[in-house]
Amino acid sequence: MTTIILLTISNIFMTFAWYGHLKYRSSPLWLAILVSWLIASMEYCFQVPANRIGYGEFSAAQLKTIQEVITLVVFSVFSIFYLKEDLKWNVIVGFLFMVVAVFFVFKKW
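Remember, predicted model here, so these are calculated numbers, not experimental data.

Re the overall build of the protein
No. 1: Of the regular secondary structure elements, the protein holds four helices and zero strands.
No. 2: Helices and strands in the protein line up, N terminus first, as α-α-α-α.
No. 3: Each principal axis of the C-alpha atoms in the protein carries an extent, and together these give about 50 × 35 × 20 Å.
No. 4: The contacts in the protein between residues at least 6 apart in sequence include a share of 77% that link residues at least 24 apart.
No. 5: Side-chain charges in the protein split into 8 positive and 5 negative, and the spacing between the mean points of these groups amounts to 1 Å.

So this is what it looks like as structure tokens:
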């Protein structure tokens, strides 16, 4: 559970680093890069421990899959509430296909 919590926190930071500046398109690009970089550096403080703690309990592929699913959830919430964008049906279907991929990554064959 620690891994998932740390990955969620890291994804919140990274989502703001990558997409938060879109709300402030009139600000200079260099400022957006600088602020994004500073936010992203905080993301590493959670991402690296999450992977260190989780590796062994999960394979590297499973860790990446968990991270991607968390990213989809965090990004969806961010997109709706921060960027005020609608989550259209085709995006939801695409995300669901990615969630199906989780089954294949975690299934013991």
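Once you've had a look at it, read on.
Examining unusual backbone geometry
Trans is the common state for peptide bonds, and a negative phi is the common state for residues other than glycine.
No. 1: Despite not being glycine, Lys-84 shows a phi value in the positive range, around 60°.
No. 2: Relative to the elements of secondary structure, Lys-84 occurs in the loop between helix 3 (60-81) and helix 4 (89-106).
No. 3: In this structure Lys-84 comes out as exposed when scored by relative accessible area, which is 63%.

Here's the deal with the nonpolar core
No. 1: If you look at the biggest cluster of nonpolar residues, it comprises eight residues: Leu-6, Leu-7, Ala-50, Phe-58, Leu-63, Ile-66, Ile-70 and Val-74.
No. 2: Within the residue set of this core, elements represented by two or more residues are helix 1 (2-19) and helix 3.
No. 3: Leaving out residues up to four positions away in the same chain, Ile-66 has contacts with Ile-4, Leu-7, Phe-58 and Phe-106.

Side note on the packing of aromatic side chains
No. 1: Following the criterion strictly, the structure yields ten aromatic pairs and no others.
No. 2: Their ring planes at 85° and their centres at 4.9 Å tell us that Phe-16 and Phe-78 sit as a pair that is edge-to-face. One end of the pair, Phe-16, is in helix 1; the other, Phe-78, is in helix 3, with 62 residues separating them in the sequence.
No. 3: Taking relative accessible area as the criterion, Phe-16 reaches 34% and is therefore assigned partly exposed.
No. 4: An angle of 80° between the planes, with centres 6.4 Å apart, marks the rings of Phe-58 and Phe-106 as edge-to-face. Residue Phe-58 is found in the loop between helix 2 (29-54) and helix 3, and its partner Phe-106 is found in helix 4; the two are separated by 48 residues along the sequence.
No. 5: Relative accessible area serves as the criterion here: at 28%, Phe-106 is assigned to the partly exposed category.

With respect to helix 3
No. 1: With 22 residues, helix 3 should cover 32 Å at 1.5 Å per step; its first-to-last C-alpha distance of 31 Å lies within 8% of that length.
No. 2: Each element contacted by the buried residues of helix 3 is listed here: helix 1, helix 2 and helix 4.

Overview of the environment of Pro-49
No. 1: Turning to its location among the elements, Pro-49 is positioned in helix 2.
No. 2: Look at Pro-49 and you get partly exposed, because its relative accessible area is 29%.
No. 3: Along the backbone, Pro-49 and Thr-3 are 46 residues apart, and their C-alpha atoms lie at a distance of 7.9 Å.
No. 4: Discounting residues that sit within four places of it in the chain, Pro-49 has contacts with Leu-6 and Tyr-44.

Criteria and thresholds
- Residues numbered from 1 in each chain as written.
- Predicted model: local features only at pLDDT ≥ 70, side-chain atom pairs only at ≥ 80, totals over all residues.
- Heavy atoms only, no water.
- Helix = DSSP H or I, 4+ residues; strand = E, 2+ residues; numbered from the N terminus.
- Contact = heavy atoms within 4.5 Å.
- Lys, Arg positive; Asp, Glu negative; His and termini not counted.
- Charge placed at Lys NZ, Arg CZ, Asp CG, Glu CD.
- Buried < 20%, exposed > 50% of the residue type's maximum accessible area, 1.4 Å probe, protein only.
- Core = buried A, V, L, I, M, F, W, Y, C linked by side-chain atoms within 4.5 Å.
- Phe/Tyr/Trp six-rings, centres within 6.5 Å; stacked < 30°, edge-to-face > 60°.
- Expected span 1.5 Å × (residues − 1).

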